[in-house]
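Below are the chains, spelled out letter by letter.
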Amino acid sequence: FMNDGGLRNHSFGNLICDDRLQLMYYDHSCIAVAKPLNMRADRRMFMLYLVCLHKLSLSERSGLPRIGILQNPKPYLEDYSDYAIVNEDWYNILSGQVLLLQDQTGPFEVTLGRVIDRQTGIIGRCTFIVNATCASRWPGIELIVKITWSPTSRTSEAEFMQSVQEVAAHSGADWVLDHVPNILHSQDFPHLPDQVGGRLSAFLNSLHEDDWASSPGEFKYEDRVMRVSVHEKLYKLSELDTVSNHAQVFHDVVQVHRWLYDFPRILHRDISHSNIMWHRCRGRICGVLNDFDLSSFRDNTAPSSKQRTGTHPYMARELHQGAKISIRHLYRHDLESFFYVLLLLTGAYKLLDEPEVD
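The structure reproduced in this document is the subject of the present report. (Residues numbered from 1 in each chain as written. Predicted model: local features only at pLDDT ≥ 70, side-chain atom pairs only at ≥ 80, totals over all residues. Heavy atoms only, no water.)

Comments concerning unusual backbone geometry
Step number 1: Phi at Asp18 is positive, roughly 60°, even though this residue is not glycine.
Step number 2: Mapped onto the fold, Asp18 is located in the loop between strand 1 (10-17) and strand 2 (20-27).
Step number 3: Positioned with a positive phi, Arg265 is a non-glycine residue whose angle comes to about 60°.
Step number 4: Locating Arg265 in the fold gives a position in the loop between helix 6 (243-262) and strand 13 (266-267). (Helix = DSSP H or I, 4+ residues; strand = E, 2+ residues; numbered from the N terminus.)

Structure below.
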């Protein structure tokens, strides 16, 4: 719904039951449902509603072209049967699209390829991971583009990595940089005040808690920013085929996890099978602790978003009580998550061991 058609900040829907119609608005922070409109009894309002929908620009319908992020976007289906045949492989939906980004030296283009992964859903970060190339800035380097809708209350992954680089340089711990993601560029695209999301945020956050008919005091619109970052490509654990390589990757990520906790004082808070990755550096396999979107500094380990912090199957048992009582995320919770990843690997995977030497 919000990502099957590509990239969207928001989307509209209509719920029709007999002669009643309800407008539905979705974004990554809330679902808003309008009061029912009787299409027979109030035809004038119904016609006005249709005219307003028709006048919505492409930016107002999806929220993306306003920033000029995609060159030549294709938001409409001209013929569903042709679409179903040509786009049989959904993961090529963004292939060939050009991403227009900018840094301190000026604008540059990144060409998108096949989608690697995406988080389905409406509320939340709804992360897209896409293969990419950029001949003008990083020729010959395999890249991925990460697009996520992060709460404005959270520290960005790029800021965490900047802190890691500074502490590593000061302490002479250059080895650490082989085991954390290499973020080449990061850029934020917030809601504009005159955009649908910006206007809705201002309206909802201006309401007093007594204005809510149900669950007073529980709802607060969570402002989000669309964050686009360019990373050097990493590889999944499933692409390793020997026990020794898995052992090396785990040794590396546990070691760098401890260093991050001790020196830049960063707690990862989202240890999972998909966030333990690897790449080759100087001829050997290096484990990489990836995805710091949910991380925090040690001095601030309280939840930084209304949504859960962590990947549910790997979260420490104690954290599952967080909805009932306030629990700080601690170092031992991450260690418990490492144990669950090991449990998955040893119980659900069959690895090819190295051949015995006669």
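From this point, things continue past the structure.
With respect to the pairing of strand 1
Consecutive residues of a regular strand have side chains that alternate between opposite faces of the sheet.
Step number 1: As paired strands, strand 1 and strand 2 are joined by eight bridges and run antiparallel to one another. Bridged to Leu15 within strand 2 is Gln22.
Step number 2: Hairpin connection of strand 1 to strand 2: two residues between the antiparallel strands, including Asp18 at a positive phi of 60°. (Pairing = 2+ DSSP bridges.)

Thoughts on the packing of aromatic side chains
Step number 1: Tallied over the entire structure, the rule returns eight aromatic pairs.
Step number 2: Ring centres 5.3 Å apart and planes at 40° place the aromatic pair Tyr235 and Trp278 in the tilted group. Remark: Trp278 occurs in strand 14 (residues 276-281) and Tyr235 occurs in strand 12 (residues 235-236); sequence separation between them is 43 residues.
Step number 3: By relative accessible area, which is 9% here, Trp278 ends up buried.
Step number 4: Note on Tyr261 and Tyr331: the rings are 4.7 Å apart at their centroids and 45° apart in plane angle, and the pair reads as tilted. Of the two residues, Tyr261 sits in helix 6 while Tyr331 sits in helix 7 (residues 331-348), which places them 70 residues apart along the sequence.
Step number 5: A residue is classified by how much of its surface remains accessible, and Tyr261, at 18% relative accessible area, is buried.
Step number 6: Aromatic rings pair up to connect Trp175, Trp259 and Phe263 into one cluster.
Step number 7: A cation over an aromatic ring shows up here: Arg298 above the ring of Tyr261, its NZ or CZ 4.1 Å from the ring centre. (Phe/Tyr/Trp six-rings, centres within 6.5 Å; stacked < 30°, edge-to-face > 60°. Buried < 20%, exposed > 50% of the residue type's maximum accessible area, 1.4 Å probe, protein only. Lys NZ or Arg CZ within 6 Å of the ring centre and 35° of its normal.)

Notes on the nonpolar core
Step number 1: Core analysis: the biggest nonpolar cluster contains 27 residues, and Val164, Val249, Leu260 and Ile276 have the highest contact counts within it.
Step number 2: Those elements that place two or more of their residues in this core are helix 4 (157-171), helix 6, strand 14, strand 15 (284-289) and helix 7.
Step number 3: In terms of residues, this core owes the most to one element, helix 6, which gives six residues.
Step number 4: Excluding anything up to four places from it in sequence, Val164 contacts Val176, Leu177, Val180, Trp259, Leu260, Pro264 and Ile266. (Core = buried A, V, L, I, M, F, W, Y, C linked by side-chain atoms within 4.5 Å. Contact = heavy atoms within 4.5 Å.)

Description of the sheet that holds strand 12
Step number 1: The antiparallel open sheet is built from three strands, whose spatial order is 12-14-15. Each edge of the open sheet is held by one strand with a lone partner, namely strand 12 and strand 15.
Step number 2: As paired strands, strand 12 and strand 14 are joined by two bridges and run antiparallel to one another. Along strand 14, the bridge assignment pairs Lys236 with Met277.

Side note on the pattern of salt bridges
Step number 1: What the rule picks out here adds up to twelve salt bridges.
Step number 2: Note that Glu222 and Arg224 form a salt bridge whose closest N and O atoms lie 3.1 Å from each other. Taken as a pair, Glu222 and Arg224 share a single burial class, namely buried.
Step number 3: Across the pair Glu318 and Arg332 runs a salt bridge, and its minimum N-O distance is 3.0 Å. With Glu318 in the loop between strand 16 (296-297) and helix 7 and Arg332 in helix 7, this pair connects stretches of sequence that are 14 residues apart.
Step number 4: When its relative accessible area of 47% is taken as the criterion, Arg332 is described as partly exposed. (Salt bridge = Lys/Arg side-chain N within 4 Å of Asp/Glu carboxyl O.)

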